[in-house]
Amino acid sequence: MASSSGNDDDLTIPRAAINKMIKETLPNVRVANDARELVVNCCTEFIHLISSEANEICNKSDKKTISPEHVINALESLGFASYITEVKDVLQECKTVALKRRKASSRLENLGIPEEELLRQQQELFAKVRFLEEGKCSYHPFG
Amino acid sequence: MAAAVEAPVPAEQDSALCGSEGETRGAEVEEKSQPQTGSTGPAVSHSRLSKLPLARIKALMKTDPDVSLASQESVFIIAKATELFVEMIAKDALVYAQQGKRKTLQRKDLDNAIEAVDEFAFLEGTLD
């Protein structure tokens, strides 16, 4: 869906994502379209609510960037404390994935070939391809 | 697309939008440069950990001029909280539909849920 409007304030969570979540939560229930629309808009409000609260909490702390901690405190103060356990679980997963990633990329670096050498090889390969491509062009089949 | 060996391709344009503290780069889970259909922002596809597009959530957060920078992980958990919110409100609304002996969830069921639940008070007046 091309966004031609460019108006920031029309942003919402994609309808398809909401539909999917509703379907997973209420598997055999039909949901009216205007109800779905309302859910989409409620999500927008929810996000604004949490961000705003987290932002305030952040401002009061000595940090400039909203952290997960701020968000968790926001959830608590807004009455969504019941979400915190699951949110924390997912945060943990997130950190684990990040950790694996960092390990993976450092493993890659430890292949033994220094990056400069790999880059040089890459440039060589590109040059070869270019050479071959140019070669192809000069033998134009249609003369 | 040439698979350069230089750094895994994080969506740099993405961490530029939000503050990137050292630990948050790692939180850019699954950020390959896949184009995401329907996304207005940079090509950050949702990771397998989140059902909602992180870029969109970030964009929504930024429409509030007061909101400062947010770490990727924060955006992430806001995404998760939003998922939980949808679950919660849908289930609450279902109760009203069932009371009305209907099999179709209607807008008014959501309205009832919003009115009944304190935490949803912020939603009163949404989409009037």
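The rules we used
- Residues numbered from 1 in each chain as written.
- Chains lettered and ligands numbered in written order.
- Predicted model: local features only at pLDDT ≥ 70, side-chain atom pairs only at ≥ 80, totals over all residues.
- Heavy atoms only, no water.
- Contact = heavy atoms within 4.5 Å.
- Buried area = accessible area lost by both parts, 1.4 Å probe.
- Salt bridge = Lys/Arg side-chain N within 4 Å of Asp/Glu carboxyl O.
- Polar contact = N/O pair within 3.5 Å; in protein donor to acceptor, adjacent residues only side chain to side chain.
- Helix = DSSP H or I, 4+ residues; strand = E, 2+ residues; numbered from the N terminus.
- Phe/Tyr/Trp six-rings, centres within 6.5 Å; stacked < 30°, edge-to-face > 60°.
- Buried < 20%, exposed > 50% of the residue type's maximum accessible area, 1.4 Å probe, protein only.

1. Regarding the interface of chain B and chain A
Next up, step 1: On the chain A side, the residues contacting the 69 residues of chain B number 68 residues.
Next up, step 2: Buried surface at the junction of chain B and chain A, summed over both partners, amounts to about 5900 Å²; 73% is from carbon and sulfur atoms.
Next up, step 3: Area buried by chain B at its contact with chain A is led by Leu60(B), Ile77(B) and Phe122(B), which between them contribute 11% of it.
Next up, step 4: Inspection of the region where chain B meets chain A yields 1 salt bridge.
Next up, step 5: The salt bridge partner of Lys51(B) is Glu24(A), with a shortest N-O separation of 3.1 Å.
Next up, step 6: In this assembly, chain B and chain A are joined by 10 residue pairs in polar contact (both at pLDDT 80 or more).
Next up, step 7: Elements with a contribution of two residues or more to the side of chain B that touches chain A: helix H2 (22-25), helix H3 (54-62), strand S1 (69-70), helix H4 (72-99), strand S2 (104-105) and helix H5 (107-116) of chain B.
Next up, step 8: For the side of chain B that touches chain A, the element with the most residues is H4(B), which contributes 18 residues.

2. Considering the packing of aromatic side chains
Next up, step 1: The tally for this structure, following the rule as stated, stands at 8 aromatic pairs over all chains.
Next up, step 2: The interplanar angle of 15° and the centroid separation of 4.5 Å between the aromatic rings of Phe46(A) and Phe85(B) together place this pair among those described as stacked. Placement of the pair is Phe46(A) in helix H2 (residues 33-60) and Phe85(B) in helix H4, with the two residues belonging to separate chains.
Next up, step 3: For Phe85(B), a relative accessible area of 0% corresponds to the buried category.
Next up, step 4: Put simply, the rings of Phe46(A), Phe80(A), Tyr83(A), Phe85(B), Phe120(B) and Phe122(B) touch in pairs and so form one group of aromatic residues.

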